[in-house]
Every structure is written in C-alpha cells, then in structure tokens.
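Summary of structural features
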Amino acid sequence: MKLSTRTWLALFVALGLMLRLGLAVKMGLNEAPRPGSDQHEFDTYAWNLAQGHGYRGLSPDVDDKNHLTAYRVPGTSAAWAALYLIFGHRYDVVRVFHCVVSALTILLVFGIGRRAFDAPVAWLASATFTVYPVALLFSVDLVSEPLATLWLLWFVYASLQFVEHPTLGRAVWAGLLLGLSMLTRASSVFMMPLVGAWVLWQFRNRRRELVVALCIPVVAGLTLVPWVMRNYSLFGKFIPLSTQGGSALLQGNNDFVATNPAYYGFCIWDTKINDDITRQLKAPDNEYERDRVAQRLAIDWLKTHRDKWWYLVQAKFRRSWTPVLQQNSKARRLGMLIMWGPILVLFAASFFPTLIQFLRAGDGGWLLHLAIFHYAINSIVFFGLVRYRYPIEGLCVILASVSAVWMWKKIFRTPSIA
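Quick look at the structure, then. Per chain, residues are indexed from 1 in the order of the written sequence. Where totals are concerned, whole chains, interfaces and linings use all residues; where local detail is concerned, this predicted model gives features only for residues with pLDDT of at least 70, and gives and counts side-chain atom pairs only at 80 or more. To get the side-chain values, take all heavy atoms of the structure and skip hydrogens and water.

1. As for the overall build of the protein
Along its length, the protein carries 20 helices and two strands. Radius of gyration here is computed from C-alpha atoms only, and the compact-globule reference equals 2.2 Å multiplied by the residue count raised to the power 0.38. Against the globule reference of 22 Å for 418 residues, the protein gives a C-alpha radius of gyration of 22 Å, in line with a compact fold. Overall, the protein is about 65 × 55 × 55 Å in size when its C-alpha atoms are taken along their principal axes. Partitioning the contacts of the protein with sequence separation of at least 6, the portion at a separation of at least 24 is 71%. Method for areas: the Shrake-Rupley scheme with a 1.4 Å probe, in which residue coverage is limited to the protein chains shown. Just so you have it, the protein exposes about 19,300 Å², and 65% of that area is on carbon and sulfur atoms. Separation between the mean location of the 41 positive side-chain charges and that of the 25 negative ones in the protein comes to 11 Å. A helix here means a DSSP run of H or I that spans at least four residues, while a strand means a run of E at least two residues long, and both kinds are numbered starting from the N terminus. Two residues qualify as a contact provided that any one of their heavy atoms is within 4.5 Å of a heavy atom in the partner residue. Charge assignment in this entry is limited to Lys and Arg as positive and Asp and Glu as negative, and neither His nor the chain termini are counted. Charge coordinates come from a single atom per side chain, which is NZ of Lys, CZ of Arg, CG of Asp or CD of Glu.

Listed below in structure tokens is the structure:
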C-alpha cells in the first residue's frame, strides 16, 4: 500500500521526536542549568515571570541579582514561563517541549524545500533534518535555538506562501513570525533590512502587491512595540531588543581576539580583555549604561584599528562556517566535521547557482539565501559561534539537498519528479 505524503511526514516527525526524546533522557531530562550560564539566565527570567514577579533576574556587573532587566529578549523565557505556570518549575517539561518544537520543524524544512524547489529536494532535506545530529543536540539543551529555528523557518515558509498568494492576512502572519523570531533571538534583527530589500525587489513591478508585501517588515516592527514600551518605562531609554548588543560587539572586536590565534574569529568576555575595560564596565551598576560603555569602547577600538578590519572579517567569516575551528578537542572537531562538513560542501556548491536561478526567474525563493546571509552578517559584526548558525542550518540542509539530488540525477540520469 502506497503511503500518502502526510503519512510519511507524520512518520518523519514521530521518528525525529523519538530520537530527540531518547537523547534528552540519556543526557539528563531534568538536569538543572549550570549557574552563570545562558541557560541559567533564561531559567531565572522564566521562573520569575511564572511567579508573577516580572521579567527580572541577573545581568553582568549589576549588584542587584534580581532586578527588572532587558538583558535578553524575552521570547524564550516567556515560553518557558508558560510551561512553568502549568507544570511547575520542571526542566524535563522544557526539554520535552524543545524536542516537540524541533520535531515539528521537520515539516517546515519539507515545506520550504517543496515550495522553493521540488519534491525530491524536500524529501531528502526533511529526512536529513529528522536524524541530523546537530538538530538532535540543540533540541535537548535549555537554550533559545529550538524556538528561534522554528520562528525563522516558519517565517521563510510563510513568506513563500505569500509570494504564491499575496494576501494581507499572509503578509501579517509572516511579519508576526519575523517579530517572534527577533523576540527570541535578537540577531534576527539583521533580517529586517534584508526582508525590506526582498519585498522591494520581488514586487517592484506590482504596485498593489508591493503595498501589501511591505506589511511584512512593518508588522514585524510592530510586534516589538510592547517590549519597547516596557523597556522605555523601565529605563527611560529606547531599547528595541536587549542590553547586550554593545557587550557582544566589544567581545568580538578588541586587541585580545585580534592578536591571539586561539580566539581566531571568536570572542572573549568583555571584562577579561584588560583591567581598564573591566573598570569602565563595572562602574555604572546599570545594564543599559554598561552596554553603552561597551558599545563606545568597541566603536573606538574599531576606529583606531582599521588595519585589523580585514583580519577580523575573514576570521569571523571562516570561524562561522568551518567545521573544526570552534571545537576544543579532537573528538569534537571530528564529530563536527562528520556532521556539518558534508552539508557545508553541498550547500556551498548550490548557493550561488540557485540564487541566480531565483533572481532570473523572478522567484521569491532567494529569501532562503537572504536568511542565510543574515547569519553571515551577524557573525562578521560580532563573532562566529556554532549556536548562532543552527537556526539557518535547516535552510543549508535544503540547499545541500539540491546539490545531492542534482548529482544523483547526473550520475543515474533519473527523470525529474514534480
């Protein structure tokens, strides 16, 4: 009996969920986050929210460890808080939730692959993502990546649906998903100008549809308004996303990372750069002012070290993509090489040919390339980190599948399947 597309996809999701849950159980389903880690910060904010104390917790170099904060965008902690409110302060519930979210993302990989390319690409990409070790690993960790990946890929999928049928409802939905992406991972803000460029180019000859399409970035911006208003009432300052952008800029742009080969394209925590910077960052005892100091120090350093710009750009770019530079042991380097290396080679081979193909055909599928490009921009501005790459790896898997399917057809000369 021939199984339907929905049945096969349900089987993919079920298998993906089983693999993710199995790994979560093996690694410690209810293991608490390590104090001082990103996971601990997400958890602290979430538990305070669930108890009705507001979005509060710790931030760097602020003496009050339970202050109202905007250090991180609230999307991840808000989702956890909803779970805590229903089930109590349980990490196993969050991990199961992440596993479900990651498994459902398989459907988005299929949908994007099918709309942008064809059925063979969609099936291969979704099958790969089902068992993709990197996806399994991030789904069991208490970080923002599972939700950030869901929102970003859903935004891409919804935007491709909008191109097919440009309605106001679809534009609003795509804009909302982009807004949720930014509220979950602040680096998604780099998508805003790219989406604006995509809209203006894609609908340049269709004025009525262009007006509707512009609702995508507009709604995305409006999604941030409640968070911006909350931050203004708290700090009296315009904080569209978070109070860690300046710190991240300084972490990736300083004398230490520009001269130490061990930190090639990477970062160092800002208070570890030198004693003078540490003193300036700790002086304000206010997260907004601390971030402004960090931003000023980073910009001043960049202005006075123009000779380091090219080194930093190429180092960050290489580190953001290479399978081996980010790992601290031979075993982990080998593991990343096996997991990500083939995807990188195949995806790189199809990136520019498919981009040119979409542009020549007037097809909106080049939004995939812009989404991948937004990660490259983020890495060059700040620093390369594999965690930051994961939300776009589903798109890389799709483009890698394009190369794999093309090679299969060339070798075996199989006919095209619609």
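2. Topic: the side chain of threonine 223
Position of threonine 223 among the secondary structure elements: in helix H11 (residues 215-223). Pairing of N or O atoms within 3.5 Å defines a polar contact, subject to two protein rules: one partner must be a possible hydrogen donor and the other a possible acceptor, and residues neighboring in sequence count only if both atoms are side-chain atoms. At 2.7 Å, the side chain of threonine 223 and the backbone oxygen of valine 219 are in polar contact. Not counting the four nearest positions on each side in its chain, threonine 223 is found in contact with Gly175, Leu176, Gly179, Leu180 and Leu183.

3. A look at the nonpolar core
Side chains that are nonpolar tend, in soluble globular proteins, to be buried together. Ranked by size, the top nonpolar core spans 98 residues in total, and within it Phe155 and Trp321 carry the most contacts. Looking at which element gives the most residues to this core, the answer is helix H7 (residues 145-164), with twelve residues. Among residues more than four places away in sequence, those in contact with phenylalanine 155 are Ala174, Leu177, Leu178, Met191, Val195, Ile216 and Leu367. Residues enter a nonpolar core if they are buried and are Ala, Val, Leu, Ile, Met, Phe, Trp, Tyr or Cys, with the set joined through side-chain atoms within 4.5 Å. Burial classes follow relative accessibility: with a 1.4 Å probe on protein chains only, a residue under 20% of its type's maximum area counts as buried, one over 50% as exposed, and anything between as partly exposed. Listed in part, the 21 residues of the second largest apolar core include Ala248, Ala298, Leu312 and Phe383.

4. With respect to empty space enclosed by the protein
Space inside and on the surface of the protein is sampled on a 1 Å grid over the protein atoms alone, with a cavity defined as a set of points where a 1.4 Å probe fits but cannot get out and a pocket as an open set with protein on both sides within 12 Å along at least 5 of 7 lines; lining residues have an atom within 4 Å of a point. Grid points are joined across faces, edges and corners, and a volume is the space filled by probe spheres set on the points. Tallied over the full model, the rule gives two cavities of 30 Å³ or more. Taken as a whole, the largest cavity holds about 90 Å³ of empty space. Ala148, Leu152, Ser181, Arg185, Ser187, Ser188, His374, Tyr375, Asn378, Tyr388, Pro391 and Ile392 together form the lining of the largest cavity. Elements with a contribution of two residues or more to the lining of the largest cavity: H7, helix H19 (367-381) and helix H20 (386-412). When residues are grouped by polarity, Ala, Val, Leu, Ile, Met, Phe, Trp, Tyr, Cys and Pro land in nonpolar, Asp, Glu, Lys and Arg in charged, and all others, Gly among them, in polar. Residues that form the lining of the largest cavity fall into these classes: six nonpolar, five polar and one charged.

5. Here's the deal with helix H9 (residues 191-202)
For a helix, the expected span equals 1.5 Å multiplied by the residue count minus one. Given a rise of 1.5 Å per residue, twelve residues ought to cover 16 Å, and the 16 Å separating the end C-alpha atoms of H9 matches this to within 8%. Taken together, the buried positions of H9 are Met191, Leu194, Val195, Gly196, Trp198, Val199 and Gln202. Elements that come into contact with the buried residues of H9 comprise H7, helix H8 (168-184), helix H10 (207-213), H11 and H19.

6. A word on the packing of aromatic side chains
Note on aromatic contacts: the rings of Phe and Tyr and the six-membered ring of Trp form a pair at centre separations within 6.5 Å, being stacked when their planes are under 30 degrees apart, edge-to-face when over 60 apart, and tilted otherwise. Applying the stated rule across the entire model yields 26 aromatic pairs. Considering the side-chain rings of tyrosine 55 and tryptophan 227, the 5.5 Å spacing of their centres and the 90° angle between planes classify their relative orientation as edge-to-face. Remark: tryptophan 227 occurs in helix H12 (residues 225-235) and tyrosine 55 occurs in the loop between helix H2 (38-50) and strand S1 (56-57); sequence separation between them is 172 residues. Each of the two residues, tyrosine 55 as well as tryptophan 227, counts as buried. Ring plane angle 90° and centroid distance 6.3 Å describe the contact between tryptophan 198 and phenylalanine 203, whose orientation is recorded as edge-to-face. Comparing tryptophan 198 with phenylalanine 203 shows no difference in burial state: the two are buried. Any Lys NZ or Arg CZ that is within 6 Å of a ring centre and within 35 degrees of that ring's normal is treated as a charge sitting over the ring. One residue, arginine 72, lies across the ring of phenylalanine 42, its end atom 5.0 Å from the ring centre.

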